Amino acid sequence: MTHRIVFVLSLLLVLAGPARGQTSMENGARTAALGGAATALPDVPWGYANPASRSTLSERVVAFFATQAFGLSELRLGAAQVVEPTGLGTFALGARTFGFEDYRETHLNLGYARGVQLGTSRRFHLGVNVRYHRVSVPDYGAAGTVELGLGGLVSVLPVLDLGFHWTNPHVPTLGGEELPRTLAVGLHYAPMDLFRVVVDAYKDVRFPLAIRSGIEVRPVDVLFLRVGAATEPSRWTAGVGVAVGAFVADVAAERHEVLGWSPAVAFSVRW
Amino acid sequence: MISRYSTSGVLRRLTLLPLVLGALLLVRPAAGQVPDTTVSEPDPEGLLEDLESTTGTPEQLAEALDELAASPLDINRASADALAQIPALGPSLARTIVAFRERFGAFGSIPELRSVEGITQNVYLAARPYLTIGETVTPAQEEASRFPTWPAWQFVREDTRYEILQRTTRRLDLGRGYEDDTTRTTYAGSPSRIYTRLRVRSRDYFSVNLTLEKDPGEAFTWTPDTGTYGYDHVAGHVAIGQRGRLQQLIVGDYVALFGQGVALWRSSAFGKGRAPVRPMARTTRGFVPYGSTDENRFFRGAAATVLLTPSLSASAFASRRTLDANVNVPDTTRGELFEDLAATSLSESGLHRTPSERADKDAVQEDVVGGGIDWQRGGLRVGVLGYRSHFDRPFQPGDAAYQRFRFSGTSATLLSGYANWFVGDAHLFGEVARSPDGVLGLLGGGTLRLNDLADLAVVARHFPRDFVSLHGYAFGERNGATQNETGFYLGLDLQPAERWSVVAYFDQYRFPWVRFSVPRPSTGYDALLAIEHRPRRWLHYYVQFRSETKEQGHPVAVAPGRELDGIRPETRQSLRLHGQYQFSRALRLRTRLEGIRFAAPEQPDEYGMILYQDVRWLPISSLQLDLRVALFDTDSYDARVYAYENDLLYTFSVPAFSGRGQRSYALLRWQPLDAVTLQVKYAVTRYENVDTVGSGLDEVDGNRLRELRAQLRLRW
């Protein structure tokens, strides 16, 4: 058992570390199936890839998400998010838990997003996400800090959206270690309702630039098929979504070259 | 484990992105989006940011462009020479505009310029910020006098602009040079850079200017003995122009811009960049009053240009000023005095912070006298010029091979002849200069416009190793170092379709003699290709590829433990994706992703990248906020990245980044009244995995560099 914990902790720190801090495991199963490329993707309630995306939601959303990195129960993640569009903007509240009894990460987040028109007939969506990030390791204690994400999303053409997301401008630390500071810029191209492409350039200040991309097709009204690919680390993703009335269910799987498969599932209700 | 070379695949992948993006945008035209925005802002970035091979500072160019934007040219009054200062036009299109105006009468509006052949949409948008339209001049008024006349005093008085500029910039994280340490060398003064400028000006009619500057680390003291009057650098002038036969008279500080700069161009000039055709052709501008911060590239004295006939002008100038120079330390045991020693080279940093830097200050005095004749008729312009330069202290460069052909002795005479010939849609230009000992330096070329489809530039230059041009600044790989270089340049500016432009250049060059740290004659070539698409007036993006291969000094192992000085080819390539979206007058977004590859024999390739997002927001019309977040990541200094930054008005900033880190800044511009502009910039660079930043006296403990810059301009 000790060996297994040491192995998992090593994995967390060395390999999964950069992946964990990134969006593919945090931003819902739809994003996971699209290679994690969701910086410019509208209608995403999660806010990890871009909190401005919440401003494009026109309905209340309650969403649940679970994933298990590389099939290891120690790397299990569960999350829930409520998004409420109002006349004053879109508000979000969520929680997330990750890890196991010897290592537990908890997020509690508050989000706000709104579209501004600046004298035009179009909207520039802005979003902010504030989350309390707490880590507890039973033998060592616990520590927490506040993380910040700022995002923008805009349609530069009717078929093309541009999004950007900057995290942790205030350089937060946890246990003496700096938390990830990232900048992501993405494009979302949707020439027709049944086909869309997303591409992200994602840079964590401590790790090499990653390029992420995904394609989503909608062969029939209720069904979405998704594939994606990403670099740093190199991985392939695929997924399926089903939307029936107010209910949406998504499943996704990610294939890491070395570490293998990570399944993910999400469920949301919109009304 | 993160591989050191793990960014390697990024460049490869980037190559696919433009194709995808271009294809995607072509698929379907946009409908329904209202073109809220037709604003065209000055874009010095495109012209200046890729001038990285420039040895001189492009700050003068940036300042000139800001000046031009602040005092735009009247399309119904400006001369062809004046319009030629707009880089998007150049001499050839400037003449075409004036010819159009003379033939068809004054322009009724600025967009009417589009009727002029050669003013394509791209040219128009690039030139627009520097143009205005005012009262028209009737031909009768123009013909009434053969020479330019001053308008009524009342007009000049009303047209006069007064300007007071105060700028202070300061690093917040300081190196040990600013510590109180009596045991080691430290800087004499505070870390602030203080700049003050006072100016009164009415177009080209008259100008009075005083510029004062103190660099970081320099003392702010009143010591007339060392030529320091509070500020370390003082420049100023009184100038009048356009007054009958007197085209220009300047007393004080000025620059001289003649021919193609082979013999006399005491200023900066455009070099290779993303405008590969029109800025290549220069025309004589004569003397221009000077009030900038560069401490070397100007003359001090008097200069005048007089029109002998409307087409024939004579210029004369005289200058006496001191320059910084490296002088050997006198050997007092042999009775040597500082005054008797020779100088080895000029020192061009303009910094006087430490005892050794101050020892170089004003070490030589240079007297220059010269003049020229310039004649133009129809499309032909020819001129001759000459000057003699005398130093009060002889120059004796060292014994190293690279110093062999440097200027030596106390005086030099240069003579030069130049010509510009506008024939049809072509502009041919050239200059031949004779330096001491009869060595000739040559530059010749031409630009050609093929309808509105293409512009072409060809420039050849030959500056022998023993060609000495003390005040030249001709086009070349080492822009400004008009010596020891032969090269051929080809530039192309294509407009294959209304919304597309393709620019490219190829430059091949050879240095026939050794250079500093390059112990053999060497060669190189440099190429750029940029494709720009403007699917909407408010949206444009471009893809740019640049590659330069140049031989540089590198030790060559000939036996175990034994190395010889040698050279090796080093290649630096960059691929850039850049997009700009103007959401409305109140919001502009800019995004860039750029990858760098550095390759040299027998070593692994090194890579670098930068990703940035810019937001410009005007919450109210008097307030403008520029924000940037940039993340960079490079394997080495060779794979460094550059990024142009918005900065205070009249300043220029293209910092280089290496290592791994983040750069962000906020620039606020507030104009509460027409006459008052306040700007404040706060910038911070944070590096990863380092304990110190910088080197020498500027080495800072920690991984962070912060800077605060502020400027107040009063103008009425």
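In this text the structure is predicted, and so the values were computed from the model without any measurement.

Conventions we followed
Residues numbered from 1 in each chain as written. Chains lettered and ligands numbered in written order. Predicted model: local features only at pLDDT ≥ 70, side-chain atom pairs only at ≥ 80, totals over all residues. Heavy atoms only, no water. Helix = DSSP H or I, 4+ residues; strand = E, 2+ residues; numbered from the N terminus. Rg over C-alpha atoms; globule rule 2.2 N^0.38 Å. Buried < 20%, exposed > 50% of the residue type's maximum accessible area, 1.4 Å probe, protein only. Contact = heavy atoms within 4.5 Å. Areas by Shrake-Rupley, 256 points an atom, 1.4 Å probe, with all protein chains shown as cover. Lys, Arg positive; Asp, Glu negative; His and termini not counted. Charge placed at Lys NZ, Arg CZ, Asp CG, Glu CD. Patch = residues over 30% accessible without salt bridge, like charges linked within 9 Å, V, L, I, M, F, W, Y side chains within 5 Å. Salt bridge = Lys/Arg side-chain N within 4 Å of Asp/Glu carboxyl O. Expected span 1.5 Å × (residues − 1). pLDDT = per-residue confidence, 0-100. Core = buried A, V, L, I, M, F, W, Y, C linked by side-chain atoms within 4.5 Å. Pairing = 2+ DSSP bridges.

Caption draft 1: Structural view of the overall build of chain A. Scanning chain A from terminus to terminus reveals 2 helices and 16 strands. Taken against the 2.2 N^0.38 rule, which gives 18 Å for 271 residues, the C-alpha radius of gyration of chain A at 18 Å falls within 12% of a compact globule. In terms of its C-alpha atoms, chain A occupies a principal-axis envelope of roughly 60 × 35 × 35 Å. For chain A, with 271 residues in total, the buried portion stands at 59%. A separation threshold of at least 6 residues defines the contact pool for chain A, and within that pool the share at least 24 residues apart is 43%. Carbon and sulfur atoms form 65% of the exposed surface of chain A, whose accessible area is close to 10700 Å². Distance between charge centres in chain A, computed from 23 positive and 22 negative side chains, equals 4 Å.

Caption draft 2: View of a nonpolar patch on the surface. Residues and elements named next belong to chain A. On the surface, a nonpolar cluster with roughly 570 Å² of combined accessible area is contributed by Val220, Val222, Leu225, Val240, Val242, Val244, Val251 and Val265. Sorting elements by how many residues they give to the nonpolar patch places strand β14 (residues 235-244) first, with 3 residues. Relative to the elements of secondary structure, Val251 occurs in strand β15 (residues 247-256).

Caption draft 3: Spatial organisation of helix α4 (residues 59-70) of chain B. All names here are of chain B. End to end, α4 covers 16 Å across 12 residues, agreeing with the expected 16 Å (1.5 Å per residue, within 8%). The element α4 is largely enclosed, with a buried count of 9 among its 12 residues. Tucked into the core, α4 has its buried residues touching α3 (44-48), β1 (73-74), β3 (161-171) and β4 (192-202).

Caption draft 4: A look at a negative patch on the surface. Taken together, the side chains of Glu179, Asp180, Asp691, Glu699 and Asp701 of chain B make up a negatively charged region of the molecular surface. Along the chain, Glu179 of chain B falls in the loop between β3 and β4.

Caption draft 5: Spatial organisation of the confidence of the model for chain A. Considering every residue of chain A, the mean pLDDT works out to 88; 91% of them sit at 70 or more. In the predicted structure, residues 14-23 of chain A sits below a pLDDT of 50 and forms 24 contacts with residues beyond four places in sequence or in another chain.

Caption draft 6: Main features of the nonpolar core. Within the largest apolar cluster, 36 residues are counted, with the highest numbers of intra-cluster contacts made by Trp46 and Phe65 of chain A. Listed by contribution, the elements that provide at least two residues to this core are α2 (28-33), β1 (61-68), β2 (76-86), β3 (89-100), β5 (124-137) and β16 (260-270) of chain A. Each residue touching Trp46 of chain A, except ones within four places of it in the same chain, is listed here: Glu26, Asn27, Gly28, Arg54, Ala63, Phe64, Phe65, Ala79, Ala80 and Gln81 of chain A. Counting 35 residues, the second-largest nonpolar core is a separate cluster that includes Phe299, Tyr418, Ala433 and Tyr505 of chain B.

Caption draft 7: Region of the structure containing the pairing of strand β8 (residues 233-243) of chain B. Residues and elements named next belong to chain B. In this structure, strand β5 (residues 206-214) lies alongside β8, joined through 8 bridges in antiparallel fashion. For Leu210, the partnering residue across the bridge sits in β8 and is Gly236. When β8 meets strand β9 (residues 246-257), the two strands line up antiparallel, connected through 6 bridges. Each bridged residue has a counterpart across the sheet, and for His237 the counterpart in β9 is Gly252. From the end of β8 to the start of β9, which pair antiparallel, there are 2 residues, and Gly244 there has a positive phi angle of about 60°.

Caption draft 8: The arrangement of the pairing of β5 of chain B in detail. All names here are of chain B. With respect to burial, β5 is a largely interior element, 7 of its 9 residues being buried. Bridging between β4 and β5 involves 9 bridges; their strand directions are antiparallel. Residue pairing in the sheet places Arg201 in a bridge with Ser207 of β5. Counting the residues that bridge the hairpin from β4 to β5 gives 3 residues, and of these Arg203 lies at a positive phi of roughly 40°.

Caption draft 9: The arrangement of helix α6 (residues 90-104) of chain B in detail. Residues and elements named next belong to chain B. An ideal rise of 1.5 Å per residue puts 21 Å on 15 residues; α6 measures up with 21 Å between its terminal C-alpha atoms. When α6 is considered as a whole, its buried residues turn out to be Gly90, Pro91, Ser92, Leu93, Ala94, Ile97, Val98 and Arg101. On its buried side, α6 packs onto β1, α5 (80-83), α7 (121-127), β17 (409-423), β18 (426-435) and β19 (439-450).

Caption draft 10: A look at the pattern of salt bridges. In total, this model carries 55 salt bridges over all chains according to the counting rule given. The residue Arg181 of chain A makes a salt bridge to Glu688 of chain B at a minimum N-O spacing of 2.4 Å. One end of the pair, Arg181 of chain A, is in the loop between β9 (177-178) and β10 (182-192); the other, Glu688 of chain B, is in the loop between β32 (676-687) and β33 (692-693), on a second chain. Relative accessible area serves as the criterion here: at 2%, Arg181 of chain A is assigned to the buried category. A salt bridge links Glu477 of chain B to Lys272 of chain B; the nearest nitrogen and oxygen atoms lie 2.5 Å apart. Remark: Lys272 of chain B occurs in the loop between β9 and β10 (286-289) and Glu477 of chain B occurs in the loop between β20 (454-463) and β21 (485-497); sequence separation between them is 205 residues. With respect to class, Glu477 of chain B is no different from Lys272 of chain B; both count as buried. The structure contains a network of salt bridges with shared partners spanning Lys272, Arg461, Glu477, Glu485, Asp507, Asp526, Arg546 and Lys550 of chain B.

Caption draft 11: Expanded view of unusual backbone geometry. Omega for the bond connecting Glu232 of chain A with Pro233 of chain A falls within 30 degrees of zero, at 0°, which places this linkage in the cis form. Mapped onto the elements of the fold, Pro233 of chain A is located in the loop between β13 (223-230) and β14. In the Ramachandran plot, Gln242 of chain B falls in the positive-phi region, its phi being about 60° despite a non-glycine side chain. Checked against the element boundaries, Gln242 of chain B lands in strand β8. In this structure, Glu602 of chain B is a non-glycine residue whose phi angle is positive, near 60°. The residue Glu602 of chain B is located in the loop between β26 (587-599) and β27 (606-620) in this model.

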